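Observations on the model geometry
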Amino acid sequence: MTANFPGTFDHDDPRRAAELAALDGFVVEAELLDDNRVRLSPCGELDMLTVPALQQRVEGFLSEHATVVIDLSRLTFVDSAGMRALLLAHGTGKVELKDPSPVVLQTFEVAKVAAMLLGDRAPG
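None of the values given here were measured: they were computed from a predicted structure. (Residues numbered from 1 in each chain as written. Predicted model: local features only at pLDDT ≥ 70, side-chain atom pairs only at ≥ 80, totals over all residues. Heavy atoms only, no water.)

For the rest of this paragraph, the subject is helix α2 (residues 51–62). Relative to the 16 Å expected for 12 residues at 1.5 Å per residue, α2 spans 16 Å between its end C-alpha atoms, a close match to the ideal helical length. Along α2, the positions that sit buried rather than exposed are Val-51, Leu-54, Val-58, Phe-61 and Leu-62. Projection of α2 onto a plane perpendicular to its axis shows the buried side chains occupying an angular sector of 110°, all on one side. Opposite its buried face, α2 presents the exposed residues Gln-56 and Glu-59, each directed more than 90 degrees away. On its buried face, α2 sits against β1 (27–32), β2 (37–46), β3 (67–71), α3 (80–91) and β5 (95–98). (Helix = DSSP H or I, 4+ residues; strand = E, 2+ residues; numbered from the N terminus. Expected span 1.5 Å × (residues − 1). Buried < 20%, exposed > 50% of the residue type's maximum accessible area, 1.4 Å probe, protein only. Arc of directions from axis to C-beta. Contact = heavy atoms within 4.5 Å.)

Structure (structure tokens):
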């Protein structure tokens, strides 16, 4: 029997393998901007498995910076968990969402939240 320590996992566990496959390629890049702001650029699929990575980055930077700008241009997919995370982040009043990719914009429009999340940056 092998003991797993925090931050380790059993490579043979198929559930964990699926989680790692979903995270493969998902990154959240950070760039410091002027006026105590930071831009986060998540890349890949924002879904129930990758949401915690984005939330962790948002929460960490909100504790250090006045405003977090989330650039959505490199997201290729957003599920309901991703939408919820973006809604909650935006609801803090300290997170600005901008430049949604076409698939993210379509998801926002179908959910009827484009104008709320993007303000005057929403098309149409």
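Taken as a whole, this structure holds 3 salt bridges when the rule is applied. Between Glu-29 and Arg-74 there is a salt bridge whose closest N-O contact spans 2.8 Å. Of this pair, Glu-29 sits in strand β1 while Arg-74 sits in the loop between β3 and β4 (75–78), and the two are 45 residues apart along the sequence. The salt bridge involving Arg-39 is made with Glu-31; its shortest N-O contact spans 3.2 Å. (Salt bridge = Lys/Arg side-chain N within 4 Å of Asp/Glu carboxyl O.)

Further remarks concern the packing of α2 against α3. Put simply, α2 and α3 touch, their axes get as near as 10 Å, and they point 10° apart. Our classification of the angle between α2 and α3 gives roughly parallel. Facing α2, whose interface residues are Val-51, Leu-54 and Gln-55, α3 presents Ala-81, Gly-82, Ala-85 and Leu-86. The residue inventory of the contact of α2 with α3, partitioned by class, reads 5 nonpolar, 2 polar and no charged. (Axes fitted to C-alpha atoms, helices over the stretch in contact; angles between N-to-C directions. Parallel < 35°, antiparallel > 145°, perpendicular 65-115°, else oblique. Nonpolar A, V, L, I, M, F, W, Y, C, P; charged D, E, K, R; others polar.)

By themselves, these are just geometric observations and shouldn't be taken as functional.
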